[in-house]
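# Architecture and fold: a report
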Amino acid sequence: MLPTSDLQSAIIEAIYDKKGQKISLIDLADIEVSPAPALIVCQARSSAQVSAIADNIRDEVAQKLHIKPYATDGYRNAQWIIVDYGSIMVHVFQPEVREFYRLEELWSDGKLTELPDID
């Protein structure tokens, strides 16, 4: 298995490529009941952009690292798509859905790092 940092970097780059915003990294490695050692959360302005970001993550990680996700979910309405790589779960939200679920608050025991938006 590749180091998480390589996977994390490829995911973040793929999000930025499609103009994803408000990227948060949540380190959950020290929390036993977490769904994954790390979460990456970001948002997009529309369902089309949510899908485009999730697709780009899958494409870029497959091309660069030869890794496919274990599972994906949420493409049907594209308000919240999850891309699960085992060591990292990526959540791509529309803003109002992200605000409703508040994953950063839910997992506030983890170490939160917020990345700057690139315009």
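Everything here concerns the structure above.
Because the structure is predicted, anything quoted here is derived from the model rather than measured.

## Describing the overall build of the protein
A tally of regular secondary structure across the protein gives four helices and six strands. Listing the helices and strands of the protein from first to last along the sequence gives α-β-β-α-β-β-β-α-α-β. Relative to the compact-globule value of 14 Å for 119 residues, the protein shows a C-alpha radius of gyration of 13 Å, a close match. Expressed as lengths along the three principal axes of its C-alpha atoms, the size of the protein is roughly 35 × 35 × 30 Å. Put simply, the protein has 119 residues, and 44% of those count as buried. Per element, the accessible surface of the protein, about 6,800 Å² overall, is 49% carbon and sulfur. Both charge centroids of the protein, one from 11 positive and one from 19 negative side chains, sit 7 Å from each other.

## Some details on the nonpolar core
Residues Ile 11, Ile 15, Ile 40, Ile 57, Val 61 and Val 90 are the most contacted members of the largest nonpolar core, which totals 26 residues. Taken together, the elements giving at least two residues each to this core come down to helix H1 (4-17), strand S1 (21-27), strand S2 (38-43), helix H2 (47-65), strand S4 (80-84) and strand S5 (88-93). Sort the elements by how many residues they give to this core and H1 lands first, with seven residues. Apart from residues no more than four positions distant in its own chain, Ile 40 is found in contact with Gln 8, Ile 11, Ile 12, Ile 15, Ile 23, Ser 24, Leu 25, Ile 88, Met 89, Val 90 and His 91. Core analysis: the second largest hydrophobic core is formed by 11 residues, Leu 28, Ala 36, Val 41 and Trp 107 among them.

## Overview of unusual backbone geometry
For His 66, which is not glycine, the phi torsion reads 60° and is therefore positive. Looking at where His 66 falls in the secondary structure, it is placed in the loop between H2 and strand S3 (71-73). For His 66, a relative accessible area of 71% gives the class exposed. Despite not being glycine, Arg 102 has its phi angle at roughly 50°, a positive value. Structurally, Arg 102 can be placed in the loop between helix H3 (95-101) and helix H4 (103-106).

Reading guide: rules and limits
Residues numbered from 1 in each chain as written. Predicted model: local features only at pLDDT ≥ 70, side-chain atom pairs only at ≥ 80, totals over all residues. Heavy atoms only, no water. Helix = DSSP H or I, 4+ residues; strand = E, 2+ residues; numbered from the N terminus. Rg over C-alpha atoms; globule rule 2.2 N^0.38 Å. Buried < 20%, exposed > 50% of the residue type's maximum accessible area, 1.4 Å probe, protein only. Areas by Shrake-Rupley, 256 points an atom, 1.4 Å probe, with all protein chains shown as cover. Lys, Arg positive; Asp, Glu negative; His and termini not counted. Charge placed at Lys NZ, Arg CZ, Asp CG, Glu CD. Core = buried A, V, L, I, M, F, W, Y, C linked by side-chain atoms within 4.5 Å. Contact = heavy atoms within 4.5 Å.

Fair warning: the whole summary comes from geometry, so function is off the table for now.
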